[in-house]
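Each chain is listed here by its residues.
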Amino acid sequence: MDFEGIYCFDTACVRFAVYPEGRDGERIVAQISEDTLHDAFGAREIGDEMIDACKAHFDALAAAAIARYRTQPLQPVTLMSDDFVHSPVFRLPKGGAAAQGSALRA
């Protein structure tokens, strides 16, 4: 699936499209904040770097967005860091595995 998205300066997020049933099916618009892109994927700069991070990790973004949509189909799809904790691309928080373990218990 190709990435279709736009950086939204006014809301500090990237909005992107996913197609849960494939390109011929329904189109869902999801969003992910700058903070989540920073925490989960290490993106630091606003704008193009946010878009580049989304393109680089689109498989993880799409999977998380579709999972969120399927569990709550009538709610807006807003991805958070928690959506990526079990993803192989998730960055460990500062402090390494110990910090991640305490974050998961909180």
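Structure first, text after, so check above.
## Focus on the sheet that holds strand S2 (residues 13–18)
- With mixed pairing, four strands are arranged side by side in an open sheet as S1-S2-S3-S4. A strand with exactly one partner marks an edge of an open sheet, and here the two such strands are strand S1 (5–8) and strand S4 (77–79). Strand-to-strand twist of the sheet, defined as the mean angle between neighbouring strand axes without regard to direction, takes the value 25°.
- Examined bridge by bridge, S1 and S2 share four bridges and lie antiparallel to one another. Looking at S2, one finds that Gly5 is bridged to Phe16.

## Looking at the pairing of S2
- Burial analysis of S2 places five of its six residues in the buried class, the great majority of the element.
- Linking S1 back to S2 in an antiparallel pair, the connection comprises four residues, with Ala12 at a positive phi of about 55°.
- Across six bridges, the pairing between S2 and strand S3 (residues 28–33) is antiparallel. What sits directly across from Val14, in S3, is Ile32.

Calculation notes
Residues numbered from 1 in each chain as written. Predicted model: local features only at pLDDT ≥ 70, side-chain atom pairs only at ≥ 80, totals over all residues. Heavy atoms only, no water. Pairing = 2+ DSSP bridges. Helix = DSSP H or I, 4+ residues; strand = E, 2+ residues; numbered from the N terminus. Axes fitted to C-alpha atoms, helices over the stretch in contact; angles between N-to-C directions. Buried < 20%, exposed > 50% of the residue type's maximum accessible area, 1.4 Å probe, protein only.

No statement about biological role is implied by the geometric values presented.
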